[in-house]
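# Examination of the molecular architecture
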Amino acid sequence: MSTICLIGVGRMGEPLCASLVRAGHRVRAYDVLAERREAALSRGAQTADSAAAAASGADVLLTVLPGPAEVVAAVDDAVLAALAPGATWIDMSSNTPTDAEPCRRRAAAHGVGVLEAPIGGSPADAAAARLRLFVGGDGDLLERHRPLLSAVSDRVTHVGGPGTGYVAKLLVNLLWFGQAAATAEALLLGRRAGIDLGVLTETLAAGPASTAFLRDDLPALLAGDYLTDFGLDHIHDQLTAITALAERLGTPHDVADTVRRLHGEALARYGPADGELLAVALLEERAGILLRHPATPGAHSGIDVTDRPIGQGS
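The structure contained in this document is the topic of the report that follows.

If you want to describe how two helices pack, look at the angle between their axes and the distance between the axes. At their nearest, the axes of helix α13 (residues 254-270) and helix α14 (residues 278-287) sit 9 Å apart, and the two run at 80° to each other. The orientation of α13 with respect to α14, classified from their angle, is roughly perpendicular. The residues of α14 that touch α13, namely those facing L262, H263, E265, A266, R269 and Y270, are L278, A279, A281, L282, L283, E285 and R286. By residue class, the composition of the contact of α13 with α14 is eight nonpolar, one polar and four charged.

Given below as structure tokens:
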């Protein structure tokens, strides 16, 4: 069993912490927020008053943070120097290859191995240890830490060398957010054309254009839930990162640009609110139609949604 320094005890980090403790690992957790450190204590972890203190003598540094800026701030020389000889840093944050590279070089200078394992899944998936991890880095290093990663995930996919895990996660997110927007546009148009929403969703889900979003995630929207597990500002940052990567690598990105622009407009409208489907909320607002099950209040077409509260799951 490993001694793990866990930095980041938020919506994903807290259930990850619990899973690691249950698996028998010694977890020493740190978060900038005192209440989150208290949450880690309640999950059976030890805590520290600084990231460097949490890292002291740890075999593994595990970062579960919202984005690149938080990772850069957390993975400094003091933290890396405090780790045990031969330690490994595993970044499970929503990061990018470009932003992570300075931290990777810093870790290498301290003799610390590096894996990236960005997360696919929700806090509920984290609590059930059924996350999907997109791992980039050395294959032998992954095999060394596979038992640890398997304590929090039921799908560990090695996608390639350094940077590829981050890119795979960004691409998954790009397609999901694109599917959400395209599905919403289709449903809004169908409703305005007079098709019953239930009939329309069943028809699309059973057809050749069916997607995981239609099958698994659309029911939440139809119940009035905008999936408030992730901030719209971070979503826009990720979409911007993937379009910038496409620009740098010289691949077409017209569709990606459209998805990014829509989420930028939603960010301008609603601010950095929590809600993975707030771009859909913007489309509903523009159409004057709420996509809801008939039994859900406000489900009829033509409702004025201009001034309704956004980002509260209702």
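More follows now that the structure is in view.
Phi at A129 takes a positive value of approximately 55°, unusual for a residue other than glycine. Relative to the helices and strands, A129 resides in the loop between α7 (123-127) and β8 (131-137). In the Ramachandran plot, L227 falls in the positive-phi region, its phi being about 55° despite a non-glycine side chain. Along the chain, the position of L227 falls in the loop between α11 (212-222) and α12 (232-249). The exposure class assigned to L227 is buried, which follows from its relative accessible area of 17%.

Okay, the nonpolar core next. Counting residues in each nonpolar core, the largest one holds 41 residues, and the members touching the most others are L218, L221, Y226, L277, L278 and L291. Among the elements of the structure, α9 (164-192), α10 (197-205), α11, α12, α13 and α14 are those that each provide at least two residues to this core. Per-element accounting of this core gives the leading share, nine residues, to α9. Grouped together as the second largest cluster of nonpolar side chains are 30 residues, M12, A40, L148 and L149 included.

Interaxial distance between α9 and α12 falls to 10 Å at its minimum, and their mutual angle equals 110°. The orientation of α9 relative to α12 falls into the category roughly perpendicular. Judged by the sense of rotation from one axis to the other, the crossing of α9 with α12 is left-handed. Residues V167, L170, L171, N173, L174 and F177 of α9 form the contact with α12, whose participating residues are I235, Q238, L239, A241, I242 and L245. Of the residues assigned to the contact of α9 with α12, the class counts are 10 nonpolar, two polar and no charged.

Applying the stated criterion across every chain yields a total of one cavity of 30 Å³ or more. Looking at the largest cavity, the residues that line it are S93, S94, N95, P118, Y166, K169, L170, N173 and Q238. Each residue belonging to the lining of the largest cavity can be placed in one class, and the counts come to three nonpolar, five polar and one charged.

Turning next to the packing of aromatic side chains. Applying the stated criterion across every chain yields a total of two aromatic pairs. Relative to F213, the ring of W176 lies with its centre 5.4 Å away and its plane at 80°, an arrangement referred to as edge-to-face. With W176 in helix α9 and F213 in helix α11, the pair connects residues that are 37 residues apart, well separated along the chain. Grouping residues by exposure puts W176 and F213 together as buried. Among the aromatic residues, those joined into a ring-pair cluster are W176, F177 and F213.

Moving on: the side chain of H236. With respect to the secondary-structure elements, H236 resides in helix α12. Accessibility expressed as a relative area gives 17% for H236, which makes it buried. Not counting residues up to four positions away in its chain, the partners in contact with H236 are R260, H263, G264 and L267.

With that settled, the discussion passes to the layout of surface pockets. Quantified by volume, the largest pocket comes out at close to 1300 Å³. Around the largest pocket, the lining is made up of 47 residues, and of these M12, S94, G121, D229 and F230 lie nearest the centre. Mapped onto the lining of the largest pocket, the elements with two or more residues apiece are α4 (68-74), β7 (119-120), α7, β8, α9 and α12. Among the elements that line the lining of the largest pocket, the one with the most residues is α9, at five residues. The class makeup of the residues in the lining of the largest pocket is 22 nonpolar, 12 polar and 13 charged. Estimates place the volume of the second largest pocket at around 260 Å³. Lining the second largest pocket are 18 residues, and of these T96, D99, L170, D237 and A241 lie nearest its centre. Those elements that provide at least two residues to the lining of the second largest pocket are α6 (97-109) and α12. Sorting elements by how many residues they give to the lining of the second largest pocket places α12 first, with seven residues. Of the residues contributing to the lining of the second largest pocket, the split by class is eight nonpolar, seven polar and three charged.

Moving on to the pairing of strand β2 (residues 26-30). Among the five residues in β2, four count as buried, and that is most of the element. Pairing of strand β1 (residues 3-7) with β2 involves five bridges; the strand directions are parallel. Counterpart to L6 in the pairing with β2 is A29. A crossover connection joins β1 to the parallel β2 through helix α1 (residues 13-22); in handedness this β-α-β unit is right-handed. Looking at chain direction, β2 and strand β3 (residues 46-47) are connected through two bridges and run parallel. Counted as the bridge partner of R28 is Q46 from β3. After leaving β2, the chain enters helix α2 (residues 34-42) and then returns to the sheet as β3, a path that is right-handed.

What counts as what
Residues numbered from 1 in each chain as written. Predicted model: local features only at pLDDT ≥ 70, side-chain atom pairs only at ≥ 80, totals over all residues. Heavy atoms only, no water. Axes fitted to C-alpha atoms, helices over the stretch in contact; angles between N-to-C directions. Helix = DSSP H or I, 4+ residues; strand = E, 2+ residues; numbered from the N terminus. Parallel < 35°, antiparallel > 145°, perpendicular 65-115°, else oblique. Contact = heavy atoms within 4.5 Å. Nonpolar A, V, L, I, M, F, W, Y, C, P; charged D, E, K, R; others polar. Buried < 20%, exposed > 50% of the residue type's maximum accessible area, 1.4 Å probe, protein only. Core = buried A, V, L, I, M, F, W, Y, C linked by side-chain atoms within 4.5 Å. Left-handed = near helix turned anticlockwise from the far one by under 90°. 1 Å grid on protein atoms, 1.4 Å probe; cavity = no way out; pocket = protein on both sides within 12 Å on 5 of 7 lines; lining within 4 Å. Points joined across faces, edges and corners; volume = space filled by probe spheres on them. Phe/Tyr/Trp six-rings, centres within 6.5 Å; stacked < 30°, edge-to-face > 60°. Pairing = 2+ DSSP bridges. Right-handed = clockwise from strand over helix to strand, strands pointing away.

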